[in-house]
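# A structural walkthrough
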Amino acid sequence: MAILISGGAGFIGSHTCVELLNAGFDIAVLDNFCNSNAESCKRVEKITGKTFPVYTCDIRDKAGLDKVFAEVKPEAVIHFAGLKAVPESVQKPLLYYDNNIAGTVTLLQAMDDAGCKCIVFSSSATVYGDSNPVPFKEDMTEGNTTNPYGTTKLYIERILKDLCVSDPDWHVCILRYFNPIGAHESGMIGEAPNGIPNNLMPYITQVAVGKREKLSIYGDNYNTPDGTGVRDYIHVTDLAIGHVRAVERALKTAGAEIFNLGTGHGVSVLELVKAFEKACGKPLPYVIAERRPGDIDTSYADASRANELLNWKAERGVDKMCEDSWRWQKNNPNGYDE
Ligand code: NAD
Ligand code: WQD
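Residues numbered from 1 in each chain as written. Chains lettered and ligands numbered in written order. Predicted model: local features only at pLDDT ≥ 70, side-chain atom pairs only at ≥ 80, totals over all residues. Heavy atoms only, no water.

### A word on the site of ligand 1
So the rule is basically this: The cutoff for a nearby residue is simple: one of its non-hydrogen atoms must lie within 4 Å of the molecule or strand. The definition of a polar contact used here is a pair of N or O atoms within 3.5 Å, where within protein one atom must be able to donate a hydrogen and the other to accept one, and adjacent residues in sequence count solely through side-chain atom pairs. Under the convention used here, a 1.4 Å probe and the Shrake-Rupley method define accessible areas, while residue burial counts only the protein chains that appear. Helix and strand assignments come from DSSP, with helices taken as H or I runs of at least 4 residues and strands as E runs of at least 2, each series counted from the N terminus. Only Asp, Glu, Lys and Arg are considered charged in this grouping, and only Ala, Val, Leu, Ile, Met, Phe, Trp, Tyr, Cys and Pro are considered nonpolar; every other residue, Gly among them, is considered polar.
Among the 26 residues in the neighbourhood of ligand 1, the closest are listed as I12, D31, N35, S36 and Y149. In the model, an oxygen atom of ligand 1 is placed 3.3 Å from a nitrogen or oxygen of the G10 main chain. Here an oxygen atom of ligand 1 sits 2.7 Å away from a polar atom, N or O, in the side chain of N35. Alone, ligand 1 offers 810 Å² of accessible surface; in the complex the protein occludes 95% of this. Looking at the shell around ligand 1, the elements that each hand over two or more residues are α1 (11-22), β5 (118-124) and α6 (148-166). Looking at the shell around ligand 1, its residues break down into 12 nonpolar, 10 polar and 4 charged.

What follows is the structure, encoded as structure tokens:
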């Protein structure tokens with residue numbers, strides 16, 4: 001019996017594979033590699049000294065999924081597979097609704113057919129939208145998402161809850177991540193975005209390594225202490241450990257549960273830049289630019305439910321996040337490409 005990891009070659013998936021293997025689980029990865037490289041799985045094997053099967057398969061391919069389920073016979077799925085670029089989702093909403101929502105429905109059908117009714121799903125703090133006060137709590141009204149990507153997460157959450165109402169045998173754990181950054185401390189796996197990064201940390205690391213000239217800070221007139229946007233950055237290893245706790249609980253707990261995975265602390269763009277400068281030992285060139293449409297001023301978690309019910313707490317601080325992101329980028333300036 002194993003855990004099947006959809007999107008397991010990606011940034012958060014690969015780190016979760018490490019922590020699952022370290023915790024003694026058998027795993028199998030399923031990915032179509034549209035935003036990742038199979039090299040990440042090889043590196044996970046090197047880090048852990050364990051091997052696992054990797055299936056090239058799209059979550060929209062029902063026949064392909066059926067074969068994988070017949071072979072792996074997973075007891076649970078951790079479902080990371082999805083597209084996540086916010087601006088691209090505004091340009092190509094149908095691609096996002098098809099890949100993320102239709103893909104998840106197909107995956108759930110394959111699970112149902114195979115009698116595997118336990119899933120941990122990668123949701124996002126984006127479902128809290130732009131009108132809730134911080135800190136965000138799981139029982140707040142979700143909605144008012146500001147882009148199609150966020151809407152896919154909102155709809156998938158509803159689909160999963162509906163499934164639990166229809167059939168009490170389903171075990172569903174929805175994890176709402178805040179802002180994952182950092183990398184495995186070995187420096188062997190990390191975030192490897194294609195093209196120009198949308199997110200702050202990969203942009204910073206590419207400036208530091210000389211691939212980009214300067215960082216644009218999107219707005220310094222927000223209603224925050226230094227005027228720049230405040231987010232709850234969480235080390236990807238802490239997030240990965242959260243998945244181990246979540247799948248352990250989901251296997252034993254019927255129905256749908258939702259957990260925030262964040263540190264509970266807000267950090268501004270300028271504070272993150274300063275912490276990164278300390279980690280890499282050089283100044284980071286930046287300019288103040290226009291606000292980015294759809295951005296909110298502040299986002300951070302109330303992570304007390306995960307603390308209580310998953311016995312999980314983020315332990316790595318911002319300095320460690322920056323040191324580990326920098327080690328990964330410095331050792332792998334072109335990501336997984338040689
Ligand atoms: P990622 O792009 O590195 O990983 C996603 C993986 O899914 C990739 O390996 C990609 O190739 C694969 N994939 C995409 N579509 C697929 C399909 N149709 N079939 C099979 N595989 C497919 O992204 P990540 O940062 O590791 O994110 C993992 C999950 O967490 C995503 O669902 C994302 O939306 C969610 N999430 C990420 C963040 C973040 O800031 N990174 C925050 C909140 C939620
Ligand atoms: C963080 C802060 C920017 C880039 C997004 C998605 C969310 C989730 C995580 C996942 C903000 C500022 C950024 C730059 C900047 N997604 N910034 N210059 O927007 O909180 O969340 O990623 O799958 O759904 O919306 O993260 O890293 O893009 O931005 O000043 O070049 O950094 O304005 O304040 P965000 P981010």
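What follows picks up the thread again.
### Some points on the pairing of strand β4 (residues 74-79)
In summary, the side chains of a regular strand alternate between the two faces of the sheet. Which entries qualify depends on this criterion: To sort residues, take the accessible area from a 1.4 Å probe on protein chains only and compare it with the maximum for the residue type: under 20% means buried, over 50% means exposed, and anything in between is partly exposed. By this definition, two strands are paired if DSSP reports at least two bridges between them.
Burial of β4 is extensive: 5 of the 6 residues sit out of reach of the surface. Pairing of strand β1 (residues 2-6) with β4 involves 5 bridges; the strand directions are parallel. The partner of S6 across the bridge, within β4, is H79. Bridge analysis of β4 against β5 gives 3 bridges, and the strand direction is parallel. Within the sheet, the bridge partner assigned to I78 lies in β5 and is V120.

### Side note on empty space enclosed by the protein
Sizing a probe to match a water molecule and rolling it over the atoms shows the empty space that remains. Heads up, the condition is: Lining residues are those with an atom within 4 Å of a point, where the points come from a 1 Å grid over the protein atoms alone and group into cavities, where a 1.4 Å probe fits but cannot get out, or pockets, open sets with protein on both sides within 12 Å along at least five of seven lines. Grid points are joined across faces, edges and corners, and a volume is the space filled by probe spheres set on the points.
Applying the stated criterion across every chain, the model contains 1 cavity of 30 Å³ or more. The calculated volume of the largest cavity comes to roughly 40 Å³. What lines the largest cavity is simply H79, A81, G82, N100, T104, F121, K153 and I156. Elements with a contribution of two residues or more to the lining of the largest cavity: α5 (93-114) and α6. For the lining of the largest cavity, the class distribution of residues is 3 nonpolar, 4 polar and 1 charged.

Geometric descriptors of this kind do not, in isolation, establish any biological role.
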